[in-house]
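Each chain is listed here by its residues.
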There are 2 protein chains.
Amino acid sequence: MDIRIRLGRNVRALREARGWSQEDYADRAGIHRTYVSDIERGRRNPTVTVVEKLAAPLGVTAGALLN
Amino acid sequence: MDIRIRLGRNVRALREARGWSQEDYADRAGIHRTYVSDIERGRRNPTVTVVEKLAAPLGVTAGALLN
DNA sequence: TTGTGACTCTAAGTCCGTT
DNA sequence: GAACGGACTTAGAGTCACA
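Calculation criteria
- Counting from 1, residues in each chain are numbered in the order their sequence is written.
- The lettering of chains begins at A and the numbering of ligands begins at 1, in the order of writing.
- In keeping with the predicted nature of the model, local features appear solely for residues at pLDDT of at least 70, side-chain atom pairs appear and are counted solely at 80 or more, and the whole-chain, interface and lining totals rest on all residues.
- Just so you know, side-chain values use all the structure's heavy atoms and leave hydrogens and water out.
- The helix count covers DSSP runs of H or I at least four residues long, the strand count covers runs of E at least two residues long, and both are numbered beginning at the N terminus.
- Both definitions apply: the radius of gyration is a C-alpha atom measure, and the globule rule equals 2.2 Å times residues to the power 0.38.
- Relative accessibility under 20% of the residue-type maximum defines a buried residue, over 50% an exposed one, and the middle range a partly exposed one, all with a 1.4 Å probe and only protein chains included.
- Note on contacts: a residue pair is in contact if any heavy atoms of the two residues lie within 4.5 Å.
- Here a Phe, Tyr or Trp ring, Trp counted by its six-membered ring, pairs with any other such ring whose centre lies within 6.5 Å, and the pair is stacked when the planes are under 30 degrees apart, edge-to-face when over 60, and tilted otherwise.

Going by what an unreviewed UniProt entry lists, chain A is known as Helix-turn-helix transcriptional regulator and is assigned to Novosphingobium flavum.

See below:
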C-alpha cells in the first residue's frame, strides 16, 4: 500500500483519538490547515521534517507514522 | 537531533553492514548515487516516497529509517 | 569509491477562497 | 468542521562533470 495513504490514515486516526479538529492539530504541529487535510487524504508527499512536525503533538515518533 | 541526520546515519550503517557501495545501493534502490551520498550526510530533506525507496533494498520499514 | 557545486524541472508547502 | 480549488513562492527530485 502507498506510504502516503498509510501516513494519512495514521495521522487521522491519532488526531481523531485526541478529539482535535484538523485546524487544532495543524496549529499544534505548526503546519497549514489545508496541508493537513491533503496529507490525511494521501494527496501529498511530505518531507521527513514535516513528518516529524506531524508526530510531535501526537506524542509518537516520526517513524511510527509511516508504518 | 535532526531527523535528516538520523536518517542519514541509519541508511549508511545499514548499507555498510551489507557491504554495498553507495553506487550498488543506489542501483538497488532506484535512486541516483549522488543523491544517496547527500542523504547519508544529512544534506537533503527527502519525501516519504524516497524514504520508502531507501528502505526496500535494506529489508527494513520506512519508519525504521527515521528512528 | 565518495563528496560537491551547479543546474533544470517538478512538487512541497502556504494562503486565499468556496462548497 | 472538512473537502476542494487556484495561484503563488520555495525547496526537493533528479542529474552531471569534476574533484
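**Side note on the overall build of chain A**
If you tally the helices and strands in chain A, you get five helices and zero strands. Counting from the amino terminus, helix and strand elements in chain A follow one another as α-α-α-α-α. Against the compact-globule benchmark of 11 Å for 67 residues, chain A has a radius of gyration of 10 Å, which places it among compact chains. By its C-alpha atoms, chain A is 30 × 20 × 20 Å across when sized along the principal axes. Within the span of chain A, comprising 67 residues, buried residues form 43% of the whole. A fraction of 55% describes how many contacts in chain A between residues 6 or more apart in sequence connect residues 24 or more apart.

**A few points about the environment of A55(A)**
Residue and element names in this part refer to chain A. Within the secondary structure, A55 sits in helix α4 (residues 48-55). For A55, a relative accessible area of 2% puts it in the buried group. Taking the C-alpha atoms as reference points, A55 and A13, separated by 42 residues in sequence, lie 12 Å from one another. Ignoring sequence-local partners within four residues, the contact set of A55 consists of V60, T61, A62 and L65.

**Side note on the packing of aromatic side chains**
Counted according to the given criterion, the structure contains two aromatic pairs over all chains. Centroid distance W20(A) to Y25(A): 6.2 Å. Interplanar angle 20 degrees. Geometry classified as stacked.

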